[in-house]
Amino acid sequence: MSLISIVVPCYNEEAVLPFFRDEILKITDGMIEKSPELSFEFLFINDGSADKTLSVLREYGEADERFKYVSFSRNFGKESAIYAGLSNAKGDYVVLMDADLQHPPEIIPEMYKAVVEDDFDCAATRRVSRSGDSKVLSFFSNSFYKINNAISPTSVMSGAQDFRFMKRRMVDAILSMSEYSRFSKGIFAWVGFDTRYIEVKNTPRKAGKTSWNFGKLLSYSIDGFTGFSTAPLRLASFLGILSCIAAVVATVIILIRFIITGETSGGYYTLLCTILLLGGFQLLSIGILGEYLSKTYLETKHRPIYIVKEQKL
Ligand code: UDP
Ligand code: MG
């Protein structure tokens, strides 16, 4: 017998859950028919939804004992929901997927094949087309991967999604990273293991609406940079060296000009630009320091990653 846990973070997903349940049952029933040794559990994480998500989950739990849930005391974010899901999943294999059917359940059998038959530790989807997304967003997203992979020792596969089918050993490795500021894309890459990427097209949300906006995405990518790379901290030293060199060159030029022409009066604009540039360098460096300091501050508090209000396991 092998148990597969399907872990689903949910934030205000009451509209889409009935579709999700139908789809996932269709696929998993098909898999059980083919391989009767398989069994499933469906673990939903209610991440402090303001709608009726929790009552829907309670209802599912009563109707079918394989449907389980963990409900948070407030919204802790998808990263915390993923951690709670992986912590409570009992399966030999764990599938992590979104509730909105943007992660099509039809791919699960293919992932199963990659992990169980072809012996990969993980199968993940990777979107190759961004049709339906705005050009601006795609540009920033691509730039994120480029910058991240240039400055960070942990390179993240461009377009890799959180839709993953993992072996128990990879799940345990992820759980051993109990940091407070979680950036799953980085964590999946950092733990290593052999991953097969299955290329998929962008699928629109089935119902409900996304909780992401540009501001959230920007702060998510900053978490990505600071969580896995210390290169930005070196930027301050680099800028410092650069302005020292500029200072020496400028001094030499002014000195030579004074010896030859006797001219001392400097330009007002040159001075203004220099002050602004140096001020900019300094504030930027302090800002970067602040980013790392704030991360360290939150880590040292050892706060729980999530708080459970109610659960059915
Ligand atoms: N989600 C969550 N907590 C949050 C935001 C989102 O658990 O604070 C869940 C959400 O219910 C969905 C998944 O994370 O199952 C992806 O969210 P969404 O569809 O809003 O993001 P997108 O697909 O647009 O990246
Ligand atoms: Mg979505």
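These numbers come from a predicted model, not from an experiment. (Residues numbered from 1 in each chain as written. Chains lettered and ligands numbered in written order. Predicted model: local features only at pLDDT ≥ 70, side-chain atom pairs only at ≥ 80, totals over all residues. Heavy atoms only, no water.)

## Some words on the coordination of the magnesium ion (ligand 2)
For clarity, the threshold we go by: In this analysis a donor is any N, O or S atom within 2.8 Å of a metal ion (3.2 Å for sodium, potassium and calcium), and since water is not included, sites may seem incomplete. Classification of residues uses two cut-offs on accessible area relative to the type maximum, computed with a 1.4 Å probe and protein chains only: under 20% is buried, over 50% is exposed, and between them is partly exposed.
Only D100 (OD) and Q102 (OE1) from the protein coordinate the magnesium ion (ligand 2), and they sit 1.9 Å from it. Taking relative accessible area as the criterion, D100 reaches 3% and is therefore assigned buried. A residue is classified by how much of its surface remains accessible, and Q102, at 28% relative accessible area, is partly exposed.

## Things to note about the nonpolar core
Filter applied, for reference: By nonpolar core is meant a set of buried Ala, Val, Leu, Ile, Met, Phe, Trp, Tyr and Cys residues that side-chain atoms within 4.5 Å join together. Where helices and strands are cited, they refer to DSSP runs of H or I of at least four residues and of E of at least two residues respectively, numbered from the N terminus. Two residues qualify as a contact provided that any one of their heavy atoms is within 4.5 Å of a heavy atom in the partner residue.
Core analysis: the biggest nonpolar cluster contains 38 residues, and I6, F44, M97, I108 and F165 have the highest contact counts within it. A total of six residues in this core trace back to one element, the largest contributor, which is helix α1 (residues 17–34). Ignoring sequence-local partners within four residues, the contact set of F44 consists of V8, C10, L17, F20, L57, F67, K68, Y69 and V70. Counting residues in each nonpolar core, the second largest holds 34 residues, with L43, I82, V156 and I174 among its members.

## A few points about the site of ligand 1
Put simply, the test is: Residues are classed as near a molecule or strand on a simple rule: at least one heavy atom within 4 Å of it. Here a polar contact is taken to be a pair of N or O atoms separated by no more than 3.5 Å, where protein atoms must pair a possible hydrogen donor with a possible acceptor and residues adjacent in sequence count only if both atoms sit in side chains. The method behind every accessible area is Shrake-Rupley, applied with a 1.4 Å probe, and residues are considered shielded solely by the protein chains displayed.
Around ligand 1, 16 residues are found, and the nearest of them are P9, E13, D47, D100 and Q102. D47 is positioned such that a nitrogen or oxygen atom in its side chain is 2.6 Å from a nitrogen atom of ligand 1. Within the side chain of D100, a nitrogen or oxygen atom sits 2.6 Å from an oxygen atom of ligand 1. If ligand 1 stood free it would expose 530 Å²; the protein chains cover 86% of that surface.

## A short note on the packing of α1 against helix α2 (residues 53–63)
How we decide: For helices, the axis comes from a line fit to the C-alpha atoms of the stretch in contact; other axes are also lines fit to C-alpha atoms, and the angle between any two N-to-C directions lies between 0 and 180 degrees. Geometric relationships in this document are graded by angle, where less than 35 degrees denotes roughly parallel, more than 145 denotes roughly antiparallel, 65 to 115 denotes roughly perpendicular, and other angles denote oblique. Classes in brief: Ala, Val, Leu, Ile, Met, Phe, Trp, Tyr, Cys and Pro nonpolar; Asp, Glu, Lys and Arg charged; the others, Gly included, polar.
In contact at an axis separation of 11 Å, α1 and α2 are set at 30° when each is read in the N-to-C sense. One way to sum up the angle between α1 and α2 is to call them roughly parallel. Across the interface between the two elements, L17, P18 and R21 of α1 pack against T53, V56, L57, Y60 and A63 of α2. Among the residues forming the contact of α1 with α2, the class breakdown is six nonpolar, one polar and one charged.

## Digging into helix α8 (residues 214–228)
Just so we agree on the cut-off: What a helix should span is 1.5 Å times the count of its residues minus one.
The end-to-end C-alpha distance of α8, which contains 15 residues, comes to 22 Å, matching closely the 21 Å that a straight helix rising 1.5 Å per residue would cover. Turning to α8, its buried residues number three or more, namely Y220, S221, G224, F225, T226 and F228. Each element contacted by the buried residues of α8 is listed here: α3 (78–88), α5 (135–151), α7 (184–190) and α10 (268–300). Capping the start of α8 is the job of one residue whose side-chain oxygen sits 3.2 Å from the backbone nitrogen of G215: N213.

## Considerations on helix α9 (residues 231–261)
Given a rise of 1.5 Å per residue, 31 residues ought to cover 45 Å, and the 45 Å separating the end C-alpha atoms of α9 matches this to within 8%. Immediately beyond the C-terminal end of α9, within one or two residues, lies G262, with a positive phi of roughly 75°.

## Section: the layout of surface pockets
Selection rule: Two kinds of site are reported from a 1 Å grid over the protein atoms alone, namely cavities, where a 1.4 Å probe fits but cannot get out, and pockets, open sets with protein on both sides within 12 Å along at least five of seven lines, and residues are called lining when an atom falls within 4 Å of a point. Grid points are joined across faces, edges and corners, and a volume is the space filled by probe spheres set on the points.
Of the pockets and cavities examined, the second largest pocket occupies roughly 490 Å³. Those elements that provide at least two residues to the lining of the second largest pocket are α9 and α10. Counting residues per element, the lining of the second largest pocket draws most heavily on α9, which supplies seven residues.

## Some details on the confidence of the model for the protein chain
Interpretation of this model should avoid reading the predicted coordinates in detail wherever pLDDT is low. For clarity, the cut-off: pLDDT: the predictor's confidence for each residue, scored from 0 to 100.
Mean pLDDT over the protein chain stands at 90; residues scoring 70 or higher make up 99%. Within the protein chain, α5 has the poorest average pLDDT of any element, 85, and strand β4 (residues 93–96) the best, 97.

## Some points on the pairing of strand β1 (residues 2–10)
Our working definition: The rule for pairing is simple: two strands pair if DSSP sees at least two bridges between them. Classification remark: right-handed applies to a crossover when, strands pointing away from the viewer, the course from the first strand over the helix to the second runs clockwise.
The element β1 is largely enclosed, with a buried count of eight among its nine residues. Inspection of the sheet shows β1 paired to strand β2 (residues 38–46) by nine bridges, in the parallel sense. Of the residues in β2, the one forming a bridge with I4 is F40. Once the chain exits β1 it traverses α1 before rejoining the sheet at β2, and the crossover so formed is right-handed. As judged from the four bridges shared by β1 and β4, these two strands associate in the parallel manner. Bridge pairing in β4 links S5 to V94.

## Notes on the pattern of salt bridges
Heads up, the rule is: One side-chain nitrogen of Lys or Arg within 4 Å of one carboxyl oxygen of Asp or Glu is enough to make a salt bridge.
All chains considered together, the criterion is met by 13 salt bridges. One salt bridge connects D172 with R168, and the closest N-O pair in it is separated by 3.1 Å. Placement of both D172 and R168 in helix α6 (residues 168–175) is noted, with a separation of four residues, approximately one turn of the helix. A relative accessible area of 39% places D172 in the partly exposed class. When salt bridges with common partners are traced through the structure, they connect K78, D98 and D162 into a single cluster.

## Thoughts on the packing of aromatic side chains
Here is the rule we go by: A pair of Phe, Tyr and Trp rings is counted when the ring centres sit within 6.5 Å of each other, with Trp represented by its six-membered ring. The angle between the planes then sorts it: under 30 degrees is stacked, over 60 is edge-to-face, the rest tilted. Criterion for a charge above a ring: Arg CZ or Lys NZ at most 6 Å from the ring centre, at most 35 degrees from the ring normal.
Under the defined criterion, the tally for this structure stands at 17 aromatic pairs. Look at Y60 and F67: their rings are 5.8 Å apart centre to centre, the planes differ by 75°, and that puts the pair in the edge-to-face class. With a centroid separation of 6.1 Å and an interplanar angle of 70°, the aromatic rings of F144 and F183 are classed as edge-to-face. Here F144, found in helix α5, pairs with F183, found in the loop between α6 and α7; they are 39 residues apart in sequence, far enough to count as distant. The exposure classification of F144 matches that of F183, with both residues buried. Joined through ring pairs, the aromatic side chains of F20, F40, F42, F44, Y60 and F67 make up one cluster. In this structure, R21 packs its charged tip against the face of F67, placed 5.5 Å from the ring centre. Between R74 and the ring centre of F76, over which it is positioned, the NZ or CZ distance is 3.8 Å.

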